[in-house]
Amino acid sequence: MCGIVGYIGREEAVGIIVEGLRKLEYRGYDSAGVSIIKDGKTDIRRAVGKLANLDKALRDKPIFGNTGIGHTRWATHGRPSEQNAHPHEVDGVSIVHNGILENYMELKHRLQAQGRKFKSETDTEIMSHLVASHIAEGRNLIEAVRASLKEIRGAFAFLIQHEKEPNKIVTAKTASPMVVGVGKGEMFVASDIPALLGHTRDFIILEDGQMAVLTADGVELSDFDGNALPVKTKHVDWSPVMAEKAGHKHFMHKEIHEQPTAIADTIRGRVLMEDASVHLDGVNLGDVKKLRRLIITACGTSFHAGMVGKFMIEKLARLGVDCDLASEFRYRDPVLDEETGVLAISQSGETADTLAAIKLAKSQGATVFAVCNVLESSIARECATSGGVMYTHAGPEIGVASTKAFTTQLVALYLLAIYLGRARGVLDKGAAQKCLEDLREIPSKIERVLATEASIIAIARRYAQARDFLFLGRGPNFPIALEGALKLKEISYIHAEGYSAGEMKHGPIALIDDKMPVVGIATEGPVYDKTVANLEEVRARNGKLIILATEGDSKIAAIADDVIVVPRTDPLLDPIITTIPLQLLAYHIADINGTDVDQPRNLAKSVTVE
Ligand code: AGP
């Protein structure tokens with residue numbers, strides 16, 4: 001999830017590009033760079049870290065020209081460094097890229113065999129070499145880009161320029177965003193509208209499989225084969241602040257709706273269906289057969305992800321898993337040894353309790369590794385010298401309440417479970433293939449849940465004034481009950497408790513009355529009947545029941561005041577689906593009550609103190 005900006009026109013490009021990148025820093029900021037063409041020459045400045053470092057590089061050595069491309073990076077392949085910063089230039093061809101090229105390794109090996117030398121660890125540099133090699137064979141820039149697009153697979157949004165054809169910028173996209181800003185005698189292009197609102201309100205939103213050639217006088221749109229397409233311009237009257245949220249009222253709402261894409265990005269490049277294998281780039285657990293047990297340690301929402309991961313790993317890999325709150329782990333004098341794996345889950349990679357937990361584990365000889373969303377974060381660096389890191393590709397999560405990071409953690413844990421099951425010889429190819437097929441359907445199933453948002457808003461309106469909520473679930477949905485309660489209380493300040501449905505009769509049922517809404521997760525699965533029985537006990541005591549049920553369930557309506565229907569999926573994947581309506585319910589109740597959804601009182605996005 002990087003930020004990209006390009007400009008071609010009569011003004012100096014560098015100022016427009018850097019100003020646009022600044023508006024996109026929320027898309028990632030571990031390095032940045034610009035490439036400007038003037039008098040047939042390319043001049044590039046790149047800097048690690050925040051955009052301010054690029055600013056300084058440009059002040060120290062200014063560059064001039066009216067055509068250029070720029071990039072602020074959220075690293076997925078290759079650690080944050082100047083070498084890995086975009087743009088990548090090869091033989092006068094400069095490229096910036098947002099996305100993940102799935103087949104970059106095979107292309108890299110082929111290009112190296114042809115004698116091409118690589119300067120970075122990125123997948124993007126492959127594209128620079130591909131385009132440059134096609135130009136070397138006599139093609140012009142547009143032909144070279146078309147030829148290269150036929151060879152790559154994955155998610156991408158490119159800006160490409162060539163110093164020998166300085167009067168154009170070529171862009172092409174699939175699965176990553178790109179918009180063209182229409183000016184008079186100048187054209188703009190960026191990953192996202194906010195970057196360009198200061199210059200134009202007329203945009204062409206590129207669609208997957210489209211390529212555009214920008215000149216100062218206009219834009220030509222086509223498909224990757226060169227078939228011309230009609231240009232549809234959209235007028236946007238968003239305020240700049242609204243634009244950063246892509247028209248959503250809050251970042252949290254935007255991030256809830258980004259989950260299908262974030263999940264697809266987290267799966268991308270890690271699954272080979274032919275042999276039902278999972279490739280966890282960056283994780284190195286050695287001989288996993290030697291692992292006797294796994295401890296998952298985390299905090300808050302990430303801890304709830306770990307609790308779901310326990311079900312996934314024990315079921316698919318037959319490996320015993322314990323879940324430990326990171327803030328408790330160090331103080332219980334845990335039994336650790338070389339046969340213990342310790343997995344830290346952290347969105348920020350900076351949570352002090354989790355960092356301390358893995359440092360202790362590492363000091364006692366355990367193999368520590370992480371599921372993390374921020375490259376080169378403290379937890380990622382601590383694990384890099386042990387079992388490594390599996391990154392979720394959720395992109396920066398701005399809302400304090402974790403949503404897309406949580407569901408991509410669940411996906412990462414599911415992939416880890418399959419990987420461990422196959423490596424330990426307890427999950428056969430057929431079973432793994434079924435798991436991967438089920439997983440691939442998750443993004444579209446989440447889209448279907450998101451499409452029911454209006455009905456969840458209606459439920460939120462009915463219960464927004466309640467002062468206490470109870471969330472109930474069993475099996476892999478027990479952690480989702482905990483997560484649903486956490487989401488509600490942390491953004492709406494309404495007291496909410498998550499509980500195992502089976503535990504109701506051991507005390508909490510005394511709380512039930514007609515003023516306490518009870519959210520029950522009663523989707524299809526091995527614990528369905530028991531869960532329904534627990535909810536009927538609530539009903540019998542005049543409890544108000546909001547029940548999540550699997551589509552086609554005709555029984556639940558008889559006991560529920562409100563039903564939220566979700567698509568059917570494998571019980572181990574069900575938590576990824578059932579958490580979505582609970583995110584939306586919490587969000588809309590909070591929004592109705594007017595709390596600061598993105599930055600709730602007393603909370604921080606990353607808790608770097610113990
Ligand atoms: C999530 O909604 C919370 N804001 C919080 O519980 C968070 O999950 C917890 O602080 C852990 O953060 P981490 O994932 O960055 O380690």
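Sequence order as written defines residue numbering, which begins from 1 separately in each chain. Where local features are concerned, this predicted model is filtered to residues with pLDDT of at least 70; where side-chain atom pairs are given and counted, the filter is 80 or more; whole-chain, interface and lining totals use all residues. With hydrogens and water stripped out, all remaining heavy atoms of the structure feed into the side-chain values.

**Side note on the sheet that holds strand β5 (residues 88-90)**
Pairing between two strands requires that DSSP report at least two bridges joining them. The helix and strand labels rest on DSSP assignments: H or I over at least four residues marks a helix, E over at least two residues marks a strand, and numbering proceeds from the N terminus. Spatial ordering of the open sheet is given by β5-β6-β7-β8-β12-β13, a layout of 6 strands whose pairing is antiparallel. Each having just a single partner strand, β5 and β13 (218-223) make up the two edges of the open sheet. Strand after strand, the sheet turns through a mean of 20° between neighbouring axes, direction not considered. As paired strands, strand β6 (residues 93-101) and strand β7 (residues 154-162) are joined by 9 bridges and run antiparallel to one another. Its bridge partner being in β7, S94 is matched across the sheet by Q161. Interaxial angles span 0 to 180 degrees and are taken between N-to-C directions of axes, which are lines fitted to C-alpha atoms, for helices over the stretch in contact.

**Quick word on the pairing of strand β20 (residues 367-372)**
The classification of residues rests on relative accessible area computed with a 1.4 Å probe and restricted to protein chains. Under 20% of the type maximum is buried, over 50% is exposed, and intermediate values are partly exposed. Of all 6 residues in β20, 5 are buried, a share of seventy percent or more. Examined bridge by bridge, strand β19 (residues 340-346) and β20 share 6 bridges and lie parallel to one another. Looking at the pairing, S346 lines up with C372 of β20. The pairing of β20 with strand β21 (residues 389-391) spans 3 bridges and is classified as parallel.

**What about the side chain of S133?**
Position of S133 relative to the elements: it lies in helix α4 (residues 124-136). Once residues lying within four places of it in the same chain are set aside, the contact partners of S133 are L111 and R116. Throughout, a contact is declared for two residues whenever any of their heavy atoms are within 4.5 Å.

**Remarks on the sheet that holds β21**
Taken together, 5 strands build an open sheet; the order of strands is β18-β17-β19-β20-β21 and the sheet is parallel. With partners counted over all chains shown, the strands left at the sheet margins are β18 (320-325) and β21, one partner each. If you compare each strand with its neighbour and ignore which way they point, the axes differ by 20° on average. In terms of strand pairing, strand β17 (residues 293-298) meets β19 through 5 bridges, oriented parallel. Residue pairing in the sheet places I295 in a bridge with V342 of β19. Seen against the sheet, helix α9 (residues 300-317) touches β17, β18 and β19 and runs at an angle of roughly 175° to β18. Along the sheet, helix α11 (residues 352-363) contacts β17, β19 and β20; its crossing angle with β19, the most-contacted strand, is approximately 165°.

**Here's the deal with the packing of helix α13 (residues 404-423) against helix α14 (residues 429-440)**
The geometry of α13 relative to α14 is characterised by a closest axis approach of 10 Å and an angle of 170° between their N-to-C directions. Taken together, the axes of α13 and α14 lie roughly antiparallel to each other. Each of V411, Y414, L415, I418 and R422 in α13 lies in contact with α14, whose residues at this interface are K429, A432, C435, L436 and L439. Any residue that is not Ala, Val, Leu, Ile, Met, Phe, Trp, Tyr, Cys, Pro, Asp, Glu, Lys or Arg is counted as polar, Gly included; the first ten are nonpolar and the last four charged. Across the contact of α13 with α14, the residue classes break down as 8 nonpolar, no polar and 2 charged. Should an angle fall under 35 degrees it is called roughly parallel, over 145 degrees roughly antiparallel, and 65 to 115 degrees roughly perpendicular, with every other angle called oblique.

**Quick word on helix α17 (residues 478-492)**
Quick reminder: α-helices carry 3.6 residues per turn. Residues three or four places apart thus point the same way. A helix is expected to reach a length of 1.5 Å times the quantity of its residues less one. The end-to-end C-alpha separation of α17 is 21 Å, in line with the 21 Å expected for 15 residues at 1.5 Å each. Among the 15 residues of α17, 13 are classified as buried, and the element is accordingly described as predominantly covered. Y493 lies just past α17 and shows a positive phi near 65°.

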